[in-house]
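The chain contents come next:
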Amino acid sequence: MDIKNNPWHRIIGPLMVALAALLMFSTAALAWDDLSVDEIKQLASEGNVSAQYQMAVMFQNGTRVPQSYADAAIYYRLAAEQGNEFAATNLGVLYEQGLGVPQSATEAAYFYAIGAEKGVATAQAVLGFMYQNGQGVEQSDTQAAHWYQAAAEQGDAGAQASLGYLYRSGRGVTQSNQQAAYWYLQAAEQGNAWAQHNLALMYDYGRGVEPSDSEAVRWYQAAAEQGYAPAQSNLAYMIEHSRGIDHVASNAAHWYLLAAEQGHVEAQSNIALMYQAGRGVTASKTEAARWFQAAAAGGSLVAQAHLGEAYLIGAGLEQSDSLAFKWLKLAAEQADVNAQVLIATMYEQGRGTAVDIAAAAHYYQLAAEQNNISAQHKIGTMYELGEGVPQSYSLAVQWYKQAAEAGLVAAQNNLALLYEHGHGVEHSFPLAAHWYTAAAEQGHVNAQVSLAAMLAKGQGVEQNMSAALGWYQAAAEQGHVAAQARLGDLYSQEEGVAGNNTEAARWYAMAAAQGHMWAQARLALFYEEGRGVQSSAQEAAKWYTKAAEQGHVGAQNNLALLYRSGSGVQQSDQEAVRWYRAAAEQGHVNAQMSLAFMLESGLGVAVSEANAAIWYEKAAVQNHHGAQYNLAILYEQGRGVAQNHEEALRLYHLAAEAGHAEAQNNLGLMYYHGLGTPVSDRDAKHWFSAASAQGHEGALNNLAVMNKAGR
């Protein structure tokens, strides 16, 4: 942001009288050349006031006598004591400057007053300045205005300018912008640069005159051409913003640079900005940094913030976290909002300082209170998570809402999440959907996915699978892996959309390539079954392996099946056992059953009926009827477990009642032989009949035996 010079800052040096210039007031100056120095000195000693004044001037300038301020002061005093107003005025200058006499503002004011009272305009002007600043006299704006007015009316430009200032500020006179403008104009027309600048400001801001950019530019330029730095800076500003003058960036840069080289802080900051952006000058990070350094040292808040950022990223100077922290902290404490955000980030990351999350939160809060939306979002997140501040969902909502209403997409998404889950606000699916929609329409991928899910379920909005599909697709096309996988599900399972295995496989493949475990497992299944892709056991094995290695239990079981059969991979019972075990340990019932079988049979692993019994038990508890049947056999035969006909009978019952034919036949035999139960021909015949109905050969034979025996 460009900086305009503080319009009412008074920049003026003390009004000094040029000693030699007062020689014009001496009488018959050329006649003194006809007299010798001794003759003039003799007249002076006899009390001739003109001779006394002439001797003073001669000693002051070193004309015909050795230069001596001390001797000049002696003769000025002699003439002043006789009432010579010009001698008194010049003696006042000597006292003010400490030339030939001890420096004394009091003595200076005394002798200026003599000259002022007798109408010497310069003495009046300087005395006014001394009253204004309380130098050698008691400070009095009223007296200052009185003497400035006296000198101004005699045409003293400095006094006219100073009187204008008093009217502008209402010091010692009734405040009047019109009078200020009048006196500034009088001085400006005499070429007083300070008055020209202040008159330009009056036109610039419409104070005491009709606003006029062109008049402002005219007077800024007049002062600028005299080398007055504030006017040069303000003229550059007017050019840069096309106010009263054509925009020519190089001209703006020219004037900023002239003012900057004189040490004008705002101009230094602005020329730095121009170098940074390459406006009107060749872009140069080095030059930008150089001028930011100069302006920052001069107290420019904008420059301090930019210099801190330049150190932070190493733009135009050597990167330094410690110096970045120094300048950004200084700017942040002066309420520069961008510096507050950056210093908060540095505290958060421990750059240039120790990590201090509480300090980070403090500065984010300060920036948030200045309506910086990124800071509002950040402090909202910190309140939500309780990082650096006490956890507070309600305050998180407050800050998210401010940023969300300003259009910050991340805040809109986070606010939606809080409404969806009722954190810090009353639970509201409609408001959640509202903010998800706002964020989704700005392209926020997570919001698109969340909105799609709400549309699919009809939460807070009317259920609309077509719209849900559209938002899933928007997120998927941005690479959102879960959205890609979800599209695969929708197309493959025909959830509100027409089934399309080719599209399903395409989206699963995209998600799988990004490492999405579920999509990898689904893609493997599609390759195994030839759904939407050409059937390939090798591709199936490849994707099952990727999903299995991430812990997908179904993929682990299916990969074990491929190793068992040698489909798409080299047959390996050892690998089959490894993957069955991985899935079994995650509770996959079929894998538990298969692992138990491999252990019982010694396939890919040493035979262990005891371990087989353990895994059959785990599967049986999950109501796997084959496991119940196999475990029943182990209990019946006492293999791997202590023989227990009652337990075998219980397990056969569980499987038989679920329709397991082998279990039904074996249960019939238990009743036939009275194993674990009293003999019961009725129950034996019931279960033989049940198995026979399923075509079980053994049960048919057993039933025939019973019939033949009349049982």
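Definitions and cut-offs
- Residues numbered from 1 in each chain as written.
- Predicted model: local features only at pLDDT ≥ 70, side-chain atom pairs only at ≥ 80, totals over all residues.
- Heavy atoms only, no water.
- Helix = DSSP H or I, 4+ residues; strand = E, 2+ residues; numbered from the N terminus.
- Buried < 20%, exposed > 50% of the residue type's maximum accessible area, 1.4 Å probe, protein only.
- Contact = heavy atoms within 4.5 Å.
- Areas by Shrake-Rupley, 256 points an atom, 1.4 Å probe, with all protein chains shown as cover.
- Lys, Arg positive; Asp, Glu negative; His and termini not counted.
- Charge placed at Lys NZ, Arg CZ, Asp CG, Glu CD.
- Phe/Tyr/Trp six-rings, centres within 6.5 Å; stacked < 30°, edge-to-face > 60°.
- Lys NZ or Arg CZ within 6 Å of the ring centre and 35° of its normal.
- Core = buried A, V, L, I, M, F, W, Y, C linked by side-chain atoms within 4.5 Å.
- Polar contact = N/O pair within 3.5 Å; in protein donor to acceptor, adjacent residues only side chain to side chain.
- Salt bridge = Lys/Arg side-chain N within 4 Å of Asp/Glu carboxyl O.
- Expected span 1.5 Å × (residues − 1).
- Axes fitted to C-alpha atoms, helices over the stretch in contact; angles between N-to-C directions.
- Parallel < 35°, antiparallel > 145°, perpendicular 65-115°, else oblique.
- Left-handed = near helix turned anticlockwise from the far one by under 90°.
- Nonpolar A, V, L, I, M, F, W, Y, C, P; charged D, E, K, R; others polar.

A. A look at the overall build of the chain. Of the regular secondary structure elements, the chain holds 38 helices and zero strands. Each principal axis of the C-alpha atoms in the chain carries an extent, and together these give about 175 × 45 × 45 Å. Buried residues in the chain amount to 49% of all 711 residues. Put simply, 45% of the contacts in the chain that link residues at least 6 apart link residues at least 24 apart. Total accessible area computed for the chain in this model is approximately 30500 Å², and 49% of it derives from carbon and sulfur atoms. Charged side chains of the chain number 36 positive and 65 negative; the gap between the two group centres comes to 10 Å.

B. A look at the side chain of glutamine 365. Within the secondary structure, glutamine 365 sits in helix α19 (residues 357-369). Excluding residues that lie within four positions of it along the chain, glutamine 365 makes contacts with Ile379, Tyr383 and Trp399.

C. The packing of aromatic side chains, seen in detail. For the coordinates displayed, the defined rule picks out 11 aromatic pairs. Pairing tyrosine 182 with tryptophan 183 gives two aromatic rings, centres 4.9 Å apart and planes at 80°, and the pair type is edge-to-face. Judged by relative accessible area, tyrosine 182 falls into the partly exposed class, the value being 41%. With 6.3 Å between their ring centres and 85° between their planes, tyrosine 184 and tryptophan 194 make a pair best called edge-to-face. Of the two residues, tyrosine 184 is situated in helix α9 (residues 177-189) and tryptophan 194 in helix α10 (residues 193-205); the sequence distance between them amounts to 10 residues. Tryptophan 194 sits in the buried class, given a relative accessible area of 5%. Lying over the aromatic face of tryptophan 543, lysine 546 brings its terminal NZ or CZ to 5.8 Å of the ring centre.

D. Structural context of the nonpolar core. One finds Tyr76, Ile379 and Tyr652 to be the most contacted residues of the largest nonpolar core, which totals 238 residues. When residues of this core are assigned to their parent elements, the largest contribution, eight residues, is made by α10.

E. Spatial organisation of the side chain of glutamine 448. Summarising the element assignment, glutamine 448 is placed in helix α24 (residues 445-457). At 2.9 Å, the side chain of glutamine 448 forms a polar contact with the side chain of glutamine 478. Excluding residues that lie within four positions of it along the chain, glutamine 448 makes contacts with Ala440, Gly443, Trp471, Ala474, Ala475 and Gln478.

F. Representation of the pattern of salt bridges. Inspection of every chain in the model, using the stated rule, returns 19 salt bridges. Ionic pairing is found between glutamate 575 and arginine 578, a salt bridge with its closest N-O pair at 3.0 Å. Of this pair, glutamate 575 and arginine 578 both sit in helix α31 (residues 573-584), three residues apart, roughly one helical turn. Judged by relative accessible area, glutamate 575 falls into the partly exposed class, the value being 23%. Here glutamate 609 ties to arginine 639 by a salt bridge, and the two come within 2.8 Å at their closest N and O atoms. Linking glutamate 609 in helix α33 (residues 609-621) with arginine 639 in the loop between α34 (625-637) and α35 (645-657), this pair joins segments that are 30 residues apart in sequence. Through salt bridges that share partners, Asp204, Asp213 and Arg243 make up one connected network.

G. Seen up close, α35. Taking 1.5 Å of rise per residue, 13 residues should cover 18 Å, and α35 covers 18 Å from first to last C-alpha, within 8% of that figure. Residues of α35 that are buried: Glu647, Ala648, Leu649, Leu651, Tyr652, His653, Ala655 and Ala656. Residues of α35 that are buried in the fold lie against α34, α36 (661-673) and α37 (681-692). Where α35 starts, the residue carrying a side-chain oxygen 3.1 Å from the main-chain nitrogen of glutamate 646 turns out to be asparagine 644.

H. Structural view of the packing of α31 against helix α32 (residues 589-601). Two elements in contact, α31 and α32, have axes whose closest approach is 8 Å; the angle formed by their N-to-C orientations is 140°. The angle between α31 and α32 falls in the class oblique. As α31 runs across α32, the sense of the crossing is left-handed. From α31, Asp573, Ala576, Val577, Tyr580, Arg581, Ala583 and Ala584 reach across to α32, where they touch Ala591, Gln592, Ser594, Leu595, Met598 and Leu599. Here the contact of α31 with α32 is composed, by residue class, of nine nonpolar, two polar and two charged.

I. Helix α18 (residues 337-349), seen in detail. Under the 1.5 Å per step criterion, the end-to-end length of α18 is 19 Å for 13 residues, consistent within 8% with the ideal 18 Å. Every buried residue of α18 is accounted for by Ala339, Gln340, Val341, Ile343, Ala344, Met346 and Tyr347. In this fold, the buried residues of α18 make contact with α16 (301-313), α17 (321-332), α19 and α20 (373-385). Among the residues of α18, the N-terminal cap falls to aspartate 336, whose side-chain oxygen and the backbone nitrogen of asparagine 338 are separated by 3.2 Å. Immediately downstream of α18, the backbone of glycine 350 shows phi near 70°, a positive value.

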